[in-house]
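The chain contents come next:
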Amino acid sequence: MGLTIAEKIIQKHLVAGEMIRGSEVGLRIDQTLTQDATGTMAYLEFEAMGLSRVQTELSVAYIDHNTLQCGFENADDHAYIRSVAKKYGVRFSMPGNGICHQVHLERFGIPGKTLIGSDSHTPTGGGLGMLAFGAGGLDVAVAMGGGAYYITMPKMYRINLKGSLRPFVSAKDVALEALRLLSVKGGVGAISEWGGEGVKTLTVQERATITNMGAELGATTSVFPSDEMTRKFLAAEGREADYTPIFADEDAVYDKILEIDMDTLAPLVACPHMPDRVKSAEELAGLKVDQVCIGSCTNSSLPDMLKVAALLKGKTVAQGVSLSISPGSRQVLSMLISTGALNDMIAAGARILECACGPCIGMGFSPPSGGVSLRTFNRNFEGRSGTADAKVYLVSPETAVAAALSGVITDPRALGALPEIELPESYAVNDSGVILPAEPEAAAEVEVLRGPNIGKCPIGIAPEDEMVGSAVLKVGDDITTDHIMPAGAKILPFRSNIPYLSRFCFGAVDPAFAERAKSTANGMIIGGANYGQGSSREHAALVPLYLGIRAVIAKSFSRIHMANLINAGILPLTFANEADYELVSMGDKLTLTGVRDGLVDGKMTLLAGDKQITLTCSFTDRQRDILLAGGLLPYTKAQKENR
Ligand code: MIC
Ligand code: SF4
């Protein structure tokens, strides 16, 4: 039987389990990445493991999320990460050097390698033919220590691309079309592999836009073949030696096959507040726009930026529209300068922001009250922009420019002819923004800098056999990690200060939640379907843990969040019968019985008043042992002590 691309890479990295879809596999991880908002916790966890050096082929610590330094907090976090990286063998990408996924693609990604990152958009690396996963910080810490990364062997979906993109239709529209077809739950439990003749026409950067938004499909990851386009991209980065061709076998077996015909695609827009609420730009034409933001790890590559500059050249942004542009990396920015493209952007009225996540994570540039913001980003969850009642629409760079120039949503095909963009043969390589780690002999001398903002990581406790608690919160379907643990400029600086952060937990859903949870013994959360979708932030598990939450009982969970709950030692339980969700109300006294045996048998009983509800907990042996130990840290510690 032939193999898919993902199976070929998994086969080469398999250290535990068998490659049977649905069963657990452990993978050797070649590379890791962290960003600053999740990185401080990941390195605190790595330090807690007591190792002297990372064991991976390459680990990189990026600073890209918390770059607004409105006080000592973010600067302290940067200094901590810089020093800890230097000591333990991790490269440090300085603030301003760019967004982790863009820089990793340019400078470090290698086809056929495995990568995990403490950021849900790590699958961007799939554009280069890597098998790249978003994970919680603790999983990244374990991988840095040489431990395996465990996943349930996913189903394999194949999306065949036919034809080629027409003018003003771009890779972003392909990603939005996939979301329209499959929804934000459509990729759950699967790897999306992109294939078909149309793939050959897409550059690595275009492919990376598509694999980046595979995260919004809920997919475990997404991957493209490594082919002539990949070789060309690596050669332009001066890294041709990193090229290896990788293709799926002709007789590879897929669980689902879809086709997207690029010849018939039109410019698309995802409407508030979910990336799968997709309509055509034509349908929405005329809607007044207050701001337009171009950038993020989805659309900040050189080809995207050159296109934007060419479309803006000689024109002026409409009055009343504020246009921001954040190039994805220092490499992109310096090439925008050398080609003169930056000048075209500035002359048109754009506000050039730092090479960082910026507005995507509510770090500045929040829209006005009730405002409409068009963004080339990947997420438009309610409140994420920093303005609670703003309406965020997700679009391609072309559609973004069309709106910036006209002041209303406009089908970009109205802009006339698409200017010819010439991509350079080679990119301006300058790695001065990456600090190399100390040599192992010198590591002992490196002092780890801990400012007052650097706190401790809460640690779970082993579950009792009977847990008497209550339902401190009941929520509906599609709760995102932005609901559970919001981000934004006011809160993000406290990612390494869990007690402070806890005040904001579920803040937009129920401002009284944090206090209530803290004063309740054995708090439990009742969730709907796809609970915890979105970001990989383990804070969405660590903060509830700090507030005393012992179990989340939901209809279903998103993959990364469920792994984070297990790592934190919070029980993620599901209703055996989804309709039983209706039987529990907020404030109900709840008793979980037979917890420890139930974890082994895969079933336990929830008593809610006079109702008996059956819950399932179908964990792998490893997950069960982690939960019985009270989380991954106590589990790893116990394993070490028993050795
Ligand atoms: C995001 O896009 O939501 C983030 C911010 O990059 C997160 C990570 C985080 O919460 O720090 C992600 O996607 O994992
Ligand atoms: Fe940064 Fe936004 Fe990408 Fe997350 S989605 S890594 S916040 S640019």
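Sequence order as written defines residue numbering, which begins from 1 separately in each chain. Going through the entries in the order they are written, you letter the chains from A and number the ligands from 1. Owing to the predicted nature of the model, reporting of local features is limited to residues with pLDDT of at least 70; listing and counting of side-chain atom pairs is limited to 80 or more, with chain, interface and lining totals taken over all residues. Note that the side-chain values use all heavy atoms of the structure and ignore hydrogens as well as water.

An account of the site of ligand 2 is requested, with residue identities and associated values reported.
Here, proximity means that at least one heavy atom of the residue falls within 4 Å of the molecule or strand. As a structural note, the neighbourhood of ligand 2 is formed by His65, His101, Asp119, His121, Ser296, Cys297, Cys357, Cys360, Ile361, Asn378 and Arg384. Here the shell around ligand 2 is composed, by residue class, of 4 nonpolar, 5 polar and 2 charged. Ten residue types, Ala, Val, Leu, Ile, Met, Phe, Trp, Tyr, Cys and Pro, are classed as nonpolar, four, Asp, Glu, Lys and Arg, as charged, and the remainder, Gly among them, as polar.

How would you explain the nonpolar core if you had to name every residue and give the values?
Residues belong to a common nonpolar core when they are buried Ala, Val, Leu, Ile, Met, Phe, Trp, Tyr or Cys residues joined through side-chain atoms within 4.5 Å. Classification of residues uses two cut-offs on accessible area relative to the type maximum, computed with a 1.4 Å probe and protein chains only: under 20% is buried, over 50% is exposed, and between them is partly exposed. In terms of nonpolar packing, the biggest core is built from 103 residues, with Phe506, Phe513, Tyr531 and Leu592 touching the most fellow members. The element contributing the most residues to this core is helix H5 (residues 137-144), with 6 residues. By the convention used here, residues are in contact when the closest approach between their heavy atoms is within 4.5 Å. Apart from the residues lying within four places of it in its own chain, the contact partners of Tyr531 are Val475, Ile479, Ile484, Phe506, Ile525, Val552, Ala554, Ser556, Phe557, Ser558 and His561. Secondary structure elements follow DSSP: runs of H or I of four or more residues count as helices, runs of E of two or more count as strands, with numbering from the N terminus.

With reference to specific residues and values, describe the confidence of the model for the protein chain.
You can read pLDDT as the predictor saying how much it trusts each residue, on a scale of 0 to 100. Model confidence for the protein chain is summarised by a mean pLDDT of 96, while 100% of its residues fall at 70 or above. The secondary-structure element of the protein chain with the lowest mean pLDDT is helix H21 (residues 632-642), recorded at 82, while strand S15 (residues 291-294) shows the highest, at 99.

Can you tell me about the pattern of salt bridges, naming the residues and giving the values?
By definition here, a salt bridge exists when the distance from a side-chain nitrogen of Lys or Arg to a carboxyl oxygen of Asp or Glu is within 4 Å. This structure, assessed with the given rule, holds 30 salt bridges. The salt bridge involving Glu240 is made with Arg231; its shortest N-O contact spans 2.8 Å. With a relative accessible area of 23%, Arg231 lands in the partly exposed category. Two residues, Asp344 and Lys313, come together in a salt bridge whose shortest N-O distance is 4.0 Å. One end of the pair, Asp344, is in helix H12 (residues 341-348); the other, Lys313, is in the loop between helix H10 (302-312) and strand S16 (322-325), and 31 residues separate them in sequence. Within this structure, Glu7, Arg21 and Asp255 form a network of salt bridges that share partners.

Quick rundown of the state of the cysteines? Include the residues and the values.
Two cysteine sulfur atoms make up a disulfide if the distance between them is within 2.5 Å. Within this structure, the stated rule accounts for 0 disulfides. Cysteine Cys355 shares no disulfide, and the gap to the nearest cysteine sulfur, in Cys357, comes to 11 Å.

Outline the sheet that holds strand S24 (residues 571-575), listing residues and values.
Strands are labelled as partners when DSSP assigns at least two bridges between them. Here 7 strands make up a closed barrel; going around it, the order is S21-S22-S23-S24-S27-S26-S25 and the pairing mixed. Neighbour-to-neighbour, the strand axes of this sheet turn through a mean angle of 35°, independent of strand direction. Pairing between strand S21 (residues 467-474) and strand S25 (residues 589-593): 4 bridges, direction antiparallel. Within S25, the residue paired with Val468 across the bridge is Thr591. Interaxial angle, 0 to 180 degrees, is taken between N-to-C directions of lines fitted to C-alpha atoms, where a helix line uses only the stretch in contact.

So what's going on with the sheet that holds strand S11 (residues 221-223)? Residues and values would help.
In spatial order, the strands read S11-S10-S9-S12; together these 4 strands make up an open sheet with parallel pairing. Among the strands making up the open sheet, the edge pair consists of S11 and strand S12 (256-261). Across the sheet, the axes of successive neighbouring strands diverge by a mean angle of 20°, strand direction being ignored. Both strand S10 (residues 190-195) and S11 contribute to a ladder of 3 bridges, which runs parallel.

Hey, could you go over the packing of aromatic side chains for me, with residue numbers and the actual values?
The description of an aromatic ring pair uses the distance of the two centres, along with the angle that the planes make with each other. Pairing of aromatic rings covers Phe, Tyr and Trp, the last through its six-membered ring, and needs centres within 6.5 Å; plane angles under 30 degrees mean stacked, over 60 mean edge-to-face, and all others mean tilted. The full count for this structure, using the stated rule, is 9 aromatic pairs. Seen in terms of ring centroids, Trp194 and Phe224 are 5.8 Å apart; in terms of plane orientation they differ by 5°. Their pairing is stacked. Of this pair, Trp194 sits in strand S10 while Phe224 is found in the loop between S11 and helix H8 (228-236), placing the two residues 30 residues apart along the sequence. Each of the two residues, Trp194 as well as Phe224, counts as buried. Any Lys NZ or Arg CZ that is within 6 Å of a ring centre and within 35 degrees of that ring's normal is treated as a charge sitting over the ring. Residue placement shows Lys474 over the ring face of Tyr581; its charged tip is 4.1 Å from the ring centre. A cation over a ring is seen here: Lys555 above Tyr581, with NZ or CZ 4.5 Å from the ring centre.

Kindly report on the site of ligand 1, identifying the contributing residues and their values.
As a structural note, the neighbourhood of ligand 1 is formed by 14 residues, with His65, Asp119, Ser120, Arg384 and Arg537 the closest of them. Any N or O atom pair separated by 3.5 Å or less is treated as a polar contact, with the protein-specific requirement of one donor-capable and one acceptor-capable atom, and with residues adjacent in sequence counted only for side-chain atom pairs. Here an oxygen atom of ligand 1 and a side-chain polar atom of Ser120 are 2.5 Å apart. Arg379 is positioned such that a nitrogen or oxygen atom in its side chain is 2.9 Å from an oxygen atom of ligand 1. Computed with a 1.4 Å probe, the accessible areas rest on the Shrake-Rupley method; for each residue, only the protein chains presented here act as cover. Taking 330 Å² as the accessible area of ligand 1 by itself, protein coverage stands at 96%. Its residues assigned to classes, the shell around ligand 1 shows 2 nonpolar, 7 polar and 5 charged.

Kindly report on the side chain of Thr230, identifying the contributing residues and their values.
By the element assignment, Thr230 lies in helix H8. By relative accessible area, which is 0% here, Thr230 ends up buried. In this structure, Thr230 is in contact with Pro111, Leu128, Val204, Arg207, Pro225 and Tyr243, ignoring residues within four places of it in sequence.

Let's hear about the pairing of strand S8 (residues 149-152): which residues, and what values?
Only one face of S8 is covered, namely the one carrying Tyr149 and Ile151; the face carrying Tyr150 and Thr152 has none of its residues buried. The sheet contact formed by strand S2 (residues 24-27) and S8 spans 4 bridges and is antiparallel. From the neighbouring strand, Glu24 faces S8, where its bridge partner is Thr152.

Please give an account of unusual backbone geometry that cites residues and values.
A cis amide bond links Pro272 to the next residue, His273, at an omega of -5°. Tracing the backbone shows His273 in the loop between strand S13 (268-270) and strand S14 (278-280). With a phi close to 75°, Ser296 is a non-glycine residue in the positive phi region. When you line up the elements, Ser296 lands in the loop between S15 and H10. In this model, Asp478 sits at a positive phi of 60°, which is unusual for a non-glycine residue. Tracing the backbone through its elements, the reader meets Asp478 in the loop between S21 and helix H14 (481-484). The class of Asp478 is buried, set by a relative accessible area of 17%.

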